[in-house]
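# Geometric and topological summary
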Amino acid sequence: MPTRLVLPPSAFYNMFQSAVEVFPRESDGYSFLNPQGRDLVVVRACPIQTSKRGFGQVDFGNKAAMHRLTEFERAVSMNGHAGLIRGGYHSHTVKESVSELSLGDLKFIRDELAKRENLDYWVELIITLKERFYSTPSSPTARTWQSKNKLQAIVRPQANWGYRASIGAYVVDREEHIRELKVITNGKP
Ligand SMILES: [Zn+2]
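## Section: the overall build of the protein
- Regarding its fold elements, the protein presents three helices and eleven strands.
- In the protein, the order of α-helices and β-strands from amino to carboxyl end is β-α-β-β-β-β-α-β-α-β-β-β-β-β.
- Relative to the compact-globule value of 16 Å for 189 residues, the protein shows a C-alpha radius of gyration of 16 Å, a close match.
- The C-alpha extent of the protein, read off along each of the three principal axes, is 50 × 35 × 30 Å.

## As for the pairing of strand β10 (residues 161-173)
- Here 13 bridges tie strand β7 (residues 121-133) to β10, and the two strands are oriented antiparallel to one another. By the bridge assignment, Phe133 is partnered in β10 with Trp161.
- Here six bridges tie strand β9 (residues 150-158) to β10, and the two strands are oriented antiparallel to one another. Note on β10: the bridge partner recorded for Val155 is Tyr163.
- What sits between β9 and β10 in their antiparallel hairpin is a turn of two residues.

## Concerning helix α2 (residues 63-76)
- Over its 14 residues, α2 runs 20 Å from end to end, which matches the ideal 20 Å to within 8%, given 1.5 Å per residue.
- α2 sits mainly on the outside: zero of its 14 residues count as buried.

## Things to note about the environment of Phe60
- In this fold, Phe60 is placed in the loop between β5 (58-59) and α2.
- Looking at Phe60, the number of C-beta atoms within 10 Å reads 15, which means it is partly exposed.
- The sequence separation of Phe60 and Asn79 amounts to 19 residues, and the corresponding C-alpha distance is 27 Å.
- In this structure Phe60 touches Ile48, Ser51 and Met66, once residues within four positions along its chain are discounted.

## Considerations on unusual backbone geometry
- Note that the residue after Phe23, namely Pro24, is joined by a cis bond; omega there is 10°.
- Here the phi dihedral of Lys148 falls at roughly 50°; this positive angle occurs in a residue that is not glycine.
- The topology assignment puts Lys148 in the loop between β8 (141-147) and β9.

## Overview of the environment of Arg4
- Residue placement: Arg4 occurs in strand β1 (residues 4-6).
- Residue classification places Arg4 among the partly exposed positions, given that 16 C-beta atoms sit within 10 Å.
- Each C-alpha atom of the pair Arg4 and Arg156 lies 27 Å from the other, and the pair is 152 residues apart in sequence.
- Those residues in contact with Arg4, other than ones at most four positions away along the chain, are Arg38, Asp39, Leu181, Lys182 and Ile184.

## Considerations on the nonpolar core
- Core analysis: the largest hydrophobic core is formed by 34 residues, its most contacted members being Leu5, Leu7, Met15, Val123 and Ile127.
- Among the elements that take part in this core, β7 stands out by supplying seven residues, more than any other.
- Sequence-distant contacts of Leu7, that is, excluding residues within four places in its chain, are made with Phe12, Val42, Leu151, Ile167, Val183 and Thr185.

## Observations concerning the environment of Ala142
- Assignment of secondary structure puts Ala142 in strand β8.
- Since 17 C-beta atoms lie within 10 Å of it, Ala142 is described here as partly exposed.
- Setting aside chain neighbours within four positions, we find Ala142 in contact with Val155 and Pro189.

Rules behind the numbers
- Residues numbered from 1 in each chain as written.
- Predicted model: local features only at pLDDT ≥ 70, side-chain atom pairs only at ≥ 80, totals over all residues.
- Helix = DSSP H or I, 4+ residues; strand = E, 2+ residues; numbered from the N terminus.
- Rg over C-alpha atoms; globule rule 2.2 N^0.38 Å.
- Pairing = 2+ DSSP bridges.
- Expected span 1.5 Å × (residues − 1).
- Buried ≥ 20, exposed ≤ 12 C-beta atoms within 10 Å, placed from the backbone.
- Contact = placed C-beta atoms within 7 Å.
- Core = buried A, V, L, I, M, F, W, Y, C linked by C-beta atoms within 7 Å.

Honestly, that's just the spatial picture; any functional story needs more than this.
This is the structure we're talking about:
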């Protein structure tokens, strides 16, 4: 089983952008991961545009759209992407939220695993995104750092205002054993 999740700047950007776009509603998407020894490297993080986005939850909003995505993936996976592990990501945006799996998240993962017999486990990334107001002004900045198993980030577009994010990742197997991965990055956001 993997122990670390590597989130390259490109995938970090995709996830962060989709979370910021619909903020303060929640965003979700699929992630595709490449196993490299004990690491899982996020190759892609693709938002699902038709999701029903709420405050405190996000669900697939359109059955026909999800069917089209499944068909699309089946065709593309013939081109050598079959080795990539499927997973997901979503944002948590309510004030007291943390980057941990909720009961609703576990139900979602159970459903996704049920659809895919070839997967031994599901990997879900959670980006907890909150607004922050700062008394000390600064020029626009974006930076990440490590704190225990989470990747932390500040993206500050304005002198006194920005986003604070914490990114966690979990592996859930078919028996619903949950293991947290250490999320790291390998470049500047
Ligand atoms: Zn959640």
